[in-house]
Amino acid sequence: MTRRWSGEWALDTAGDEPAVDVLIPSYGRPAELAVTLSGLAAQDHVPFRVLVSDQTEGEDASYEQPAVRAMVRVLEAQGHPVQLVRHLPRRGLAEHRNYLLELSSAPLVLFLDNDVWLEPGSLDRMTRAIRAARCGFIGSAVQGLSYLEDRRPHERTELALWPDDEVMPERIRPGSEGFARWPLHNAANLAHAAAELAVPPGGWRLYRVAWVGGCVLFDREALVECGGFDFWDKLPPEHAGEDVAAQWRVMERHGGAGIIPSGAVHLEAPTTVVDRAIDAAHVILGQ
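Now for a description of the structure that goes with this document. (Residues numbered from 1 in each chain as written. Predicted model: local features only at pLDDT ≥ 70, side-chain atom pairs only at ≥ 80, totals over all residues. Heavy atoms only, no water.)

Observations concerning helix H7 (residues 242-254)
No. 1: The terminal C-alpha atoms of H7 lie 18 Å apart, and with 13 residues this matches the ideal 18 Å at 1.5 Å per residue to within 8%.
No. 2: Of all 13 residues in H7, ten are buried, a share of seventy percent or more.
No. 3: Of all the residues in H7, the buried ones are Glu-242, Asp-243, Val-244, Ala-245, Ala-246, Gln-247, Trp-248, Arg-249, Val-250 and Met-251.
No. 4: Contacts made by the buried residues of H7 are with helix H3 (93-103), strand E6 (137-139), strand E8 (215-219), helix H6 (220-225), strand E9 (256-260) and helix H8 (280-285).
No. 5: Among the residues trailing H7, Gly-255 stands out with phi positive, at a value near 80 degrees. (Helix = DSSP H or I, 4+ residues; strand = E, 2+ residues; numbered from the N terminus. Expected span 1.5 Å × (residues − 1). Buried < 20%, exposed > 50% of the residue type's maximum accessible area, 1.4 Å probe, protein only. Contact = heavy atoms within 4.5 Å.)

Concerning the sheet that holds strand E2 (residues 48-54)
Strands pair in a sheet through their backbones, by hydrogen bonds, and they do so in one of two ways: parallel or antiparallel.
No. 1: If you trace the eight strands from one edge of the open sheet to the other, you get E3-E2-E1-E4-E8-E6-E9-E7, paired in mixed fashion. With one partner strand each, in any of the chains shown, strand E3 (82-86) and strand E7 (205-207) form the two edges of the open sheet. In this sheet, adjacent strand axes meet at a mean angle of 25 degrees when their direction is disregarded.
No. 2: Here E6 runs beside E9; their pairing, made up of three bridges, is parallel. Along E9, the bridge assignment pairs Phe-137 with Gly-256. (Pairing = 2+ DSSP bridges. Axes fitted to C-alpha atoms, helices over the stretch in contact; angles between N-to-C directions.)

Some words on the pattern of salt bridges
No. 1: Within this structure, the stated rule accounts for 21 salt bridges.
No. 2: For the salt bridge of Arg-249 with Asp-230, the shortest nitrogen-to-oxygen distance reads 2.9 Å. Within this pair, whereas Arg-249 is found in helix H7, its partner Asp-230 is found in the loop between H6 and H7, the two being separated by 19 residues in sequence.
No. 3: Accessibility expressed as a relative area gives 41% for Asp-230, which makes it partly exposed. (Salt bridge = Lys/Arg side-chain N within 4 Å of Asp/Glu carboxyl O.)

What follows is the structure, given as structure tokens:
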């Protein structure tokens, strides 16, 4: 185990060198952020650091709320360093992700939205998967568990596993065959797919994706090589799809995959991205 148990919380010893930097761009939603951090506090076997960049406008950052501060203290007591920063003014999602990426230094970076709870073991499973596949990213698509009784087999027809979990580069654009995979991540489709595949505990299968939102583990070197989010200054502050643009660039050179089962649970809070008129992937990649 790489996290200290409660009998060691008072020890003044340094933790392991982080293998993963968990990057959380945050705006508002302090209750959801606390839940997100609680999910990280339950992860084992992977040494990681947490970087929270807050863009909440007003007097207090979201990480100043008591529940968030409590979870920060838990993570630090477990041996996981936590860095909290305020990043204003707001210049858009791509700029915010670019800022976090520049703060990171670990060989792997997990971009995690501030309204996602991770099942214990998820980070270890994703880390082992990306090392085995040697690809650019592994994504755990977020699932809404309020949809567990809402079965949508028609949205899972495009599910295609990577043979022997060997991930290859591919080009995705609107209109391409791979673009039609996007409904796979609706509702609780991945939970239903995992049950049908009967994946053993601790195991995984990798599948082809159009893109993955909310919880994506990148090989940091591959992401930086492909430009990361360096296109932020070519976009207006109000935009969406910046994660899609970055993933498509990485997929073309290094490949990317989704993981089944996904231990990422969407908290189903209202979105903070209300203006989606500008699609970053369309602007940056010219499609």
